[in-house]
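# Report on the structure
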Amino acid sequence: MINIAFIILSLAALLFVARLLIGPSVPDRVIALDGLLITVMCGVLVAAADERSAIGIDTVLVVALLGFIGTGVLARYVEQRGG
Amino acid sequence: MMDTLGGVVLVIGSLFILLAAVGALRFDHIYARMHAAAKGPALGVLLIGLGTALTIRSAPATVAVTLVIVLQLITGAVGSHMLGRSVYRSIHPPLDGPDELAERENTN
């Protein structure tokens, strides 16, 4: 079961990378980066479930905060500079 | 028993993330892509966190997973709102209906 979850998450990451590469505007790339970071969060959660240890979950908290701050900063950047 | 349930919930949550990725890749304008990429992960992280808590079954893991879920539900909505506002103000993509926000911003 956990291996299936890993495979599905890898597919999702691949699709987000495709959107990151084809753009076409900066907010599209911001969306793709945010989705990629969420995919990483979910991957760490699934890995924690695989190993049955609560240590990795703190990493997920840090990644979630980092993604929010990054999205906020890039949104301000897009607003001032234009797409 | 609980492990099987946790595994099933983990797979369903990953399917939601995959759905968000397909939406972000396939939808044809930026608001639709933003909508797919904002709503899918909220439910996906919720289900994957639930699956992790069901699989590990310890107090520290459950507390940390609850924090992650609450944080993701709040920051996901706020972040995509900020991004949507900046897209509206800087890129001006074509809209499907009347532009009510423009009327409201002009009166202020």
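A short tour of the structure in this document, coming up. Since we're looking at a predicted model, the values are computed, not measured.

Procedures and definitions
Residue positions within a chain follow its written sequence, with the count starting from 1. Labels are handed out in written order, letters beginning with A for the chains and numbers beginning with 1 for the ligands. Restriction of local features to residues with pLDDT of at least 70 applies here, the model being predicted, together with a cutoff of 80 or more for giving and counting side-chain atom pairs; totals for whole chains, interfaces and linings are based on all residues. In this description a helix means any DSSP run of H or I spanning at least four residues, a strand means any run of E spanning at least two, and both kinds are numbered starting from the N terminus. Exposure criterion: with C-beta atoms placed from backbone coordinates, a residue whose C-beta has 20 or more other C-beta atoms within 10 Å is buried, one with 12 or fewer is exposed, and one in between is partly exposed. The reference for a compact globule is 2.2 Å times residues^0.38; the radius of gyration itself is calculated from the C-alpha atoms. Whether two residues are in contact is decided by their C-beta atoms, placed from the backbone, lying within 7 Å. Think of a nonpolar core as buried Ala, Val, Leu, Ile, Met, Phe, Trp, Tyr and Cys residues chained together by C-beta atoms that fall within 7 Å.

### Quick look at the overall build of chain A
Of regular secondary structure, chain A possesses three helices and zero strands. Along chain A, helices and strands appear, N-terminal first, in the series α-α-α. Its C-alpha atoms give chain A principal-axis dimensions of about 45 × 25 × 10 Å. In chain A, which comprises 83 residues, the share counted as buried stands at 40%.

### A few points about the overall build of chain B
Along chain B, the regular secondary structure elements total four helices and zero strands. In chain B, the order of α-helices and β-strands from amino to carboxyl end is α-α-α-α. Over its C-alpha atoms chain B spans a radius of gyration of 18 Å, topping by over 25% the 13 Å that the globule rule assigns to 108 residues. With the C-alpha coordinates of chain B rotated into their principal frame, the extents come out at 60 × 30 × 20 Å. Within chain B, buried positions represent 42% of all 108 residues. For chain B, the share of sequence-separated contacts (at least 6 apart) that also reach a separation of at least 24 residues comes to 61%.

### Points about unusual backbone geometry
Even without a glycine there, the phi angle at Arg 52 of chain A is positive, about 55°. Phi is positive for Arg 57 of chain B, which is not a glycine, with a value near 55°. Relative to the assigned elements, Arg 57 of chain B resides in the loop between α2 (30-56) and α3 (59-90). For Arg 57 of chain B, a count of 13 C-beta atoms within 10 Å puts it in the partly exposed group.

### Remarks on the nonpolar core
One finds Ala 12, Cys 42 and Leu 45 of chain A together with Ile 17, Ala 21 and Ala 24 of chain B to be the most contacted residues of the largest nonpolar core, which totals 51 residues. When contributions to this core are tallied by element, the ones reaching two or more residues are α1 (2-22), α2 (26-51) and α3 (56-81) of chain A together with α1 (2-26), α2 and α3 of chain B. A total of eleven residues in this core trace back to one element, the largest contributor, which is α2 of chain B. Once residues lying within four places of it in the same chain are set aside, the contact partners of Ile 17 of chain B are Leu 9, Ala 12, Ile 38, Thr 39 and Cys 42 of chain A together with Gly 40, Pro 41 and Gly 44 of chain B.

### A closer look at the interface of chain B and chain A
Taken together, the 46 residues of chain B in the interface contact 43 residues of chain A. It is α3 of chain B that contributes the most residues to the side of chain B that touches chain A, 16 residues altogether.

Honestly, it's all geometry; don't read function into it.
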